[in-house]
Amino acid sequence: ERRESESEREFSVLCLSDPPGQKEVSFEVTSPDQGRYIGGDMMEDKEEDDTPSTRSLVIFGRDVSQIPCFRSSFLYGISGGIAGGFATFLLTSRTRLSSHVGMATFCLTTLSYWSHCRYNWSKTRHEYALLQRGMQEHAMYEGTDLEREVLKRGADA
């Protein structure tokens, strides 16, 4: 239990910025003569630990934050589309052409970066699977005659 004095009060505020949870945030205000921190953080997370937020965008039943390369592909695509459309507008002053060029640039940039990123992601995932399998086999054969034969063949080569 905590005692409240005139110089120290606790307030409870209902945050309306998060409608699903409508969490209650409490903070304390203390007097500056006590040398303590004044105020509190009204924008604190729902949980104190460093777990990700429960808010997510779900498209066709999939959480897009869990899809590898999704965020970076769309960020590059959006910025490329804006830059392409804006550059075309500055050069030609034709709005319809610049919007078409911007959209085409967005699509091409997004798809090409998505393909490149997913190829590298798949290749890396395959290499990790091979490495994990090799480490499991090494752990299984460690200290046996088969390990000695493999080491001897490696030294001979």
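Each value, and the rule that gives it
Residues numbered from 1 in each chain as written. Predicted model: local features only at pLDDT ≥ 70, side-chain atom pairs only at ≥ 80, totals over all residues. Heavy atoms only, no water. UniProt positions renumbered as here; feature names shortened; annotations may be inferred. Helix = DSSP H or I, 4+ residues; strand = E, 2+ residues; numbered from the N terminus. Expected span 1.5 Å × (residues − 1). Buried < 20%, exposed > 50% of the residue type's maximum accessible area, 1.4 Å probe, protein only. Contact = heavy atoms within 4.5 Å. Axes fitted to C-alpha atoms, helices over the stretch in contact; angles between N-to-C directions. Parallel < 35°, antiparallel > 145°, perpendicular 65-115°, else oblique. Left-handed = near helix turned anticlockwise from the far one by under 90°.

- The protein chain is annotated in an unreviewed UniProt entry as Cytochrome c oxidase assembly protein COX20, mitochondrial of Lutzomyia longipalpis.
- According to the UniProt record, the Sequence similarities (unreviewed entry) comment for the protein chain is "Belongs to the COX20 family."
- The Subcellular location (unreviewed entry) field of the UniProt record for the protein chain holds the comment "Mitochondrion inner membrane".

## Overview of helix H2 (residues 95–141)
Here's step 1: The terminal C-alpha atoms of H2 lie 68 Å apart, and with 47 residues this matches the ideal 69 Å at 1.5 Å per residue to within 8%.
Here's step 2: Buried residues of H2: Ser-98, Gly-102, Phe-106, Thr-110 and Cys-117, and no others.
Here's step 3: Where H2 is buried, its residues meet helix H1 (70–92).
Here's step 4: One or two residues past the end of H2 sits Gly-143, with phi positive at roughly 85 degrees.

## So, the UniProt feature "transmembrane region" (unreviewed entry) in the protein chain
Here's step 1: UniProt's feature table lists "transmembrane region" (unreviewed entry) at residues 74–91 and 97–115, given in the numbering used throughout.
Here's step 2: Secondary structure across residues 74–91 divides into 100% helix and 0% strand, with the first and last C-alpha atoms of the span separated by 25 Å.
Here's step 3: The straight-line gap between the two end C-alpha atoms of residues 97–115 is 27 Å; of that span, 100% is helix and 0% is strand.

## Observations regarding unusual backbone geometry
Here's step 1: Here Cys-69, not a glycine, exhibits a phi torsion of approximately 75 degrees, which is positive.
Here's step 2: Among the secondary structure elements, Cys-69 is positioned in the loop between strand E4 (62–63) and H1.

## Quick word on the packing of H1 against H2
Here's step 1: Look at H1 against H2: their axes get within 7 Å of each other, and the N-to-C directions meet at 155 degrees. The angle between H1 and H2 places the two elements in the roughly antiparallel class. Here H1 and H2 pass one another in a crossing that is right-handed.

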